[in-house]
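Chains, contacts and geometry: an overview
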Amino acid sequence: MSNKKTTKKRLAALEKGKVKSIGFFEAIPLKLAGRKDGQRGLPCEIDDHTWYSPHMDAELNSYREFCSIVWGATSNWGGTELCPAG
C-alpha cells in the first residue's frame, strides 16, 4: 500500500473516531522519552490543560521584575513630568 493510501486511511479512521489506543510496549518508550524531555526543560502538561515550561517561567519572572522596577520608577516621579497640565 502506498503512503498516500495509508495516510488517507488513517485520516479517515481519525475522522470516524476509530483509533486504537497505544499498547503497553508502545507506552513505555513514550513515557521514558517524556521524562527525558522534562529533564531538558521542554514544556510539559502538569494538569488537565495546564502546561509548564521552565524557560517561559524564567522569562515571565524577569518580565515581572522589570515591570515592577519601571512601575516603581514612574511612581516616584510624582506624575508632574508626564502630565504638565494636570
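The coordinates are above.
It should be emphasised that the depicted structure is a prediction, and the values quoted were computed from it without experimental measurement. Note that residues are indexed from 1 along each chain, following the sequence as it is written. Side-chain atom pairs in this predicted model are given and counted only at pLDDT of 80 or more, local residue features only at pLDDT of at least 70, and totals for whole chains, interfaces and linings cover all residues. The side-chain quantities take in all heavy atoms of the structure and omit both hydrogens and water.

Another aspect to go through is the overall build of the chain. Think of it this way: any DSSP run of H or I at least four residues long counts as a helix, any run of E at least two long counts as a strand, and we number them from the N terminus. When helices and strands are counted, the chain shows three helices and two strands. Start at the N end of the chain and walk to the C end: the helices and strands fall as α-α-β-β-α. Out of the 86 residues in the chain, the part that is buried amounts to 2%. In this scheme, a residue with accessible area under 20% of its type's maximum is buried, one over 50% is exposed, and one in between is partly exposed, where area comes from a 1.4 Å probe on protein chains only.

Counting through the fold element by element, serine 53 comes out in the loop between strand 2 (50-52) and helix 3 (54-75). Accessibility expressed as a relative area gives 13% for serine 53, which makes it buried.

Moving on: the packing of aromatic side chains. Pairs were defined over the aromatic rings of Phe, Tyr and Trp, the Trp ring being its six-membered one, requiring ring centres within 6.5 Å. Orientation was assigned from the angle between planes: stacked under 30 degrees, edge-to-face over 60, tilted for the rest. A full pass over the atoms with the stated rule returns one aromatic pair. Arranged with centres 5.3 Å apart and planes meeting at 75 degrees, the rings of phenylalanine 24 and phenylalanine 25 form a pair that is edge-to-face. Accessibility expressed as a relative area gives 70% for phenylalanine 25, which makes it exposed.

The next point concerns helix 1 (residues 3-16). Residues three or four positions apart in an α-helix share a direction because the helix packs 3.6 residues into each turn. What a helix should span is 1.5 Å times the count of its residues minus one. Here helix 1 contains 14 residues, and its C-alpha end-to-end distance of 20 Å stays within 8% of the 20 Å for a straight helix at 1.5 Å per residue. Counting buried residues in helix 1 gives zero out of 14 residues, a small share hidden from the surface. Two residues or fewer past helix 1, glycine 17 is found with a positive phi of approximately 85 degrees.

What follows concerns a nonpolar patch on the surface. The grouping of Phe24, Phe25, Ile28 and Leu32 at the surface amounts to a nonpolar patch, some 490 Å² of accessible area in total. Relative to the assigned elements, phenylalanine 25 resides in helix 2 (residues 24-40). In this scheme, patches are assembled from residues that exceed 30% relative accessible area and form no salt bridge. Like charges are connected within 9 Å, while nonpolar side chains (Val, Leu, Ile, Met, Phe, Trp, Tyr) are connected within 5 Å. Note on areas: these come from Shrake-Rupley sampling with a 1.4 Å probe, and a residue is covered only by the protein chains present in the view. Criterion for a salt bridge: a side-chain nitrogen of Lys or Arg within 4 Å of a carboxyl oxygen of Asp or Glu.

Below, the discussion takes up the pattern of salt bridges. Scanning the entire structure with this criterion turns up one salt bridge. In this structure, the salt-bridge partner of aspartate 37 is arginine 40, at a minimum N-O distance of 3.4 Å. In this pair, aspartate 37 and arginine 40 both sit in helix 2, three residues apart, roughly one turn of the helix.

Now for the pairing of strand 1 (residues 44-47). Between any two strands, pairing holds if DSSP finds at least two bridges. Inspection of the sheet shows strand 1 paired to strand 2 by three bridges, in the antiparallel sense. Bridge pairing in strand 2 places glutamate 45 opposite tryptophan 51. Hairpin geometry of strand 1 and strand 2 is characterised by an intervening segment of two residues between the two adjacent antiparallel strands and by a positive phi of about 60 degrees at histidine 49.

Over its 17 residues, helix 2 runs 25 Å from end to end, which matches the ideal 24 Å to within 8%, given 1.5 Å per residue. In terms of burial, helix 2 is largely open, as just zero of its 17 residues are buried. Glycine 41 sits one or two positions beyond helix 2 and adopts a positive phi of about 90 degrees.

Honestly, that's just the spatial picture; any functional story needs more than this.
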